[in-house]
Amino acid sequence: MAEVVETGVPGDVGRHPRTPAVDPPVLVVDDLVVEHRNDRTGEVFRAVDRVSLRIGAGESVAVVGESGSGKTTLAMAATGLGPRGGGDIRLLGHPLHATSRSQLRRLRPDVQVVFQDPHGSLDPRQSVRSGLRELRSLQPERTSWIGDADLLGRVRLAPDLLDRYPHQLSGGQAQRVCIARALLMRPRLIVADEPTSGLDVSVQADVLALLRQIRATTGAALLMISHDLAVVRSVCDSVHVMYRGRVVEAGPCETVFGTPEHDYTRELLAAMPGARWRSRR
Ligand SMILES: Nc1ncnc2c1ncn2[C@@H]1O[C@H](COP(=O)(O)OP(=O)(O)O)[C@@H](O)[C@H]1O
Ligand SMILES: [Mg+2]
């Protein structure tokens, strides 16, 4: 894969021109509470309970926990895409409670979400190429830095896939297209919500390797949501362990997985093949 792409800007290799040392955090979540109301019974359920987290520029932070622990609710609230109850969120320096819809729309390109089901995220009536064309027409200045074929190269897809429709793509290919669409915006934060859970085991590792590489080459921060410790371990620096809406333990992956303090973290580790923490390096 070519590392240097045609951009018209000398020396530009697609890396976001920001450095962690001087930039403010991309996301600060303080004491977030999100409640869901059951429309039928009227019952209120607290899906996220006083969660705090912080992601610095270029950092890679995971939220791990079993299904139903509130991970997606947290991620959607934190990025302004889902409901938010109490607490404070600063996204790219903007306090969400004081950010208008139009301001939020302007922030949107900077925060890209990759979902679990890639086919569900793509318009079935659009070829890959026409989907990219549409994105470019919405954000012409933002997206002119790279051509379609080079963009696909970045996610290790051949250019002939540009003329395919989503149903003509495998799960792994479709997820790479979703990642390419996110990259096109040169985001400062990529949120990946179970990005490999819907894929065949055989391609999961490739997609994770791709996310690692994207982190290294673009400088974007990553919020990785997963129920799978192995996924977290392979991509992230630090981890928040979520259990029934709460963060029960947080810290660098090495610490949390190496010397887990909470019973739930130990359970998660015990359920993992090859249970003991091993450094990925
Ligand atoms: N829109 C919603 N309305 C009502 N309950 C919801 C809604 N979304 C999620 N929930 C509930 O909130 C809890 C957390 O869900 P979710 O954030 O999707 O967890 P996770 O992503 O960890 O699997 C679950 O019990 C789920 O059933
Ligand atoms: Mg989820």
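Residues numbered from 1 in each chain as written. Chains lettered and ligands numbered in written order. Predicted model: local features only at pLDDT ≥ 70, side-chain atom pairs only at ≥ 80, totals over all residues. Heavy atoms only, no water.

Colleague: Sorry, what's going on with the pairing of strand S8 (residues 221-226) here?
Modeller: Successive residues of a regular strand alternate their side chains across the two faces of the sheet. Counting buried residues along S8, six of its six residues qualify, which places the element largely inside the surrounding structure. Because side chains alternate across S8, one face comprises the buried residues Ala221, Leu223 and Ile225, and the other comprises Leu222, Met224 and Ser226, equally buried. One ladder, built from five bridges, connects strand S3 (residues 60-64) with S8; its direction is parallel. Counted as the bridge partner of valine 63 is isoleucine 225 from S8. Here strand S7 (residues 189-193) runs beside S8; their pairing, made up of five bridges, is parallel. Bridge pairing links valine 191 to leucine 223 in S8. As for the winding sense of the linkage, the β-α-β connection from S7 through helix H8 (residues 201-218) to S8 is right-handed. (Buried < 20%, exposed > 50% of the residue type's maximum accessible area, 1.4 Å probe, protein only. Helix = DSSP H or I, 4+ residues; strand = E, 2+ residues; numbered from the N terminus. Pairing = 2+ DSSP bridges. Right-handed = clockwise from strand over helix to strand, strands pointing away.)

Colleague: Sorry if this is basic, but what is going on with helix H1 (residues 71-78) here?
Modeller: Because each turn of an α-helix spans 3.6 residues, side chains separated by three or four positions in sequence point in the same direction. Among the eight residues in H1, seven count as buried, and that is most of the element. Looking one or two places after H1, you find glycine 80, whose phi comes out positive at around 75°.

Colleague: Would you mind going over the side chain of threonine 79 with me for this structure?
Modeller: Counting through the fold element by element, threonine 79 comes out in the loop between H1 and strand S4 (88-91). Those residues in contact with threonine 79 that lie beyond four places of it in its chain are Leu91, Leu96, Arg108, Val111 and Val191. (Contact = heavy atoms within 4.5 Å.)

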